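Single-letter residue listing:
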Amino acid sequence: MAVKRQILICGASRGLGLGLVRAFLDADWQVHAVVRELRPASPLEALRTQRPDALQVITCDLNRQDASCTVAAALQDQRLDCALFNAGVYGPAHQDPRQAEGEDIAQLFLANAIAPIRLAQQLVDQVVDGGVIAFMSSQMASLELARAAEMPLYGASKAALNSLLRSWQAQLPQLPWSLLALHPGWVRTDMGGDAAPLSVEQSARGLRNVIIDQLQRRHCAFLDYQGQSLPW
Ligand SMILES: NC(=O)c1ccc[n+]([C@@H]2O[C@H](COP(=O)([O-])OP(=O)(O)OC[C@H]3O[C@@H](n4cnc5c(N)ncnc54)[C@H](OP(=O)(O)O)[C@@H]3O)[C@@H](O)[C@H]2O)c1
């Protein structure tokens, strides 16, 4: 029997993260899904009941400094073909630096930039050579595209994520895995809203195919859900 590929998906309770769990289960991967809380009668709980052999749910608040200990203990010595850091928040609805409270801004940058990079760097030994470490960024992170005028705080937090990713790349003489910033498109989720053109299934399937295509490439890239490069 062929050994299944393994993926860690952080932030998998709903929206794109949940869609990605489904997309990778459909491709016959072993999925380790991290959620803040596994809600009773939730879609993830139903999936776990249907596929107990293929889906492990790990409960952990990813913003905690010791999140990597919880995740590593749950993974034991299982080696990951992909570690995908999807969790994210929008930040204050007003998106106005003049109104921003320190604690709200700290939470935004912690959730979207610091926590995912910290966790990835702490779990890196569990990722196989030739694997993929991917972060859910956004086209709003691109300084060159400059599309974040209506959501400057959110855009800045994703730009900070991309900056940390590029700094990590620059610290390594060569990459043992691919290091990806991903843009999922504009997707109908709690964050994306009802007007978004893409369904979760469309985006998640595209992202899954992009990740599979990036195995063994060992490079750093900013890609959308169709595999198109975005400018940093
Ligand atoms: N939707 C879009 O159009 C779009 C476009 C570009 C980029 N993105 C990015 O794509 C990612 C997913 O977005 P989405 O639209 O699916 O958002 P969403 O519907 O708001 O879901 C966000 C997910 O992140 C989880 N999360 C947040 N903070 C967490 C923490 N501290 N610990 C554990 N889980 C945490 C949430 O868990 P809870 O259920 O516990 O809150 C939820 O599962 C985000 O990084 C977002 O910035 C989305």
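Just above, that's the structure.
Residues numbered from 1 in each chain as written. Predicted model: local features only at pLDDT ≥ 70, side-chain atom pairs only at ≥ 80, totals over all residues. Heavy atoms only, no water.

1. Re the pairing of strand 6 (residues 178-183)
Strand 6 sits mainly inside the fold: six of its six residues count as buried. Examined bridge by bridge, strand 5 (residues 127-136) and strand 6 share five bridges and lie parallel to one another. Each residue of the ladder has a partner; that of Met 136, found in strand 6, is Leu 182. You can see the chain leave strand 5, run along helix 5 (residues 152-171) and come back into strand 6, and the turn it takes is right-handed. Both strand 6 and strand 7 (residues 220-224) contribute to a ladder of five bridges, which runs parallel. Residue Leu 182 lies in a different strand from strand 7, and its bridge partner there is Leu 223. Traced from strand 6 through helix 6 (residues 200-214) to strand 7, the parallel crossover comes out left-handed. (Buried < 20%, exposed > 50% of the residue type's maximum accessible area, 1.4 Å probe, protein only. Helix = DSSP H or I, 4+ residues; strand = E, 2+ residues; numbered from the N terminus. Pairing = 2+ DSSP bridges. Right-handed = clockwise from strand over helix to strand, strands pointing away.)

2. Some words on the sheet that holds strand 6
Strand order in this open sheet of seven strands is 3-2-1-4-5-6-7, and the pairing throughout is parallel. Looking at strand neighbours, the two that pair on one side only are strand 3 (55-59) and strand 7, the edges of this open sheet. Between one strand axis and the next, the sheet turns by 20 degrees as a mean value, whatever way the strands run. Sitting on the sheet, helix 1 (residues 15-26) touches strand 1 (6-10), strand 2 (30-35), strand 3, strand 4 (80-85) and strand 5, and the angle it makes with strand 1 is about 170 degrees. Against the sheet, helix 4 (residues 102-123) makes contact with strand 1, strand 4 and strand 5, and its axis sits at roughly 170 degrees relative to strand 5, the strand it touches most. (Axes fitted to C-alpha atoms, helices over the stretch in contact; angles between N-to-C directions. Contact = heavy atoms within 4.5 Å.)

3. Brief notes about the nonpolar core
Ile 9, Val 21, Val 31, Leu 55, Leu 84 and Leu 182 are the most contacted members of the largest nonpolar core, which totals 37 residues. Here this core gets seven residues from one element, more than from any other, and that element is helix 1. Not counting residues within four places of it along the chain, the set of residues in contact with Leu 182 comprises Leu 84, Ala 134, Phe 135, Met 136, Ser 137, Ser 138, Leu 207, Val 210, Ile 211 and Leu 223. (Core = buried A, V, L, I, M, F, W, Y, C linked by side-chain atoms within 4.5 Å.)

So far we have only geometry, and geometry alone does not tell us how the molecule works.
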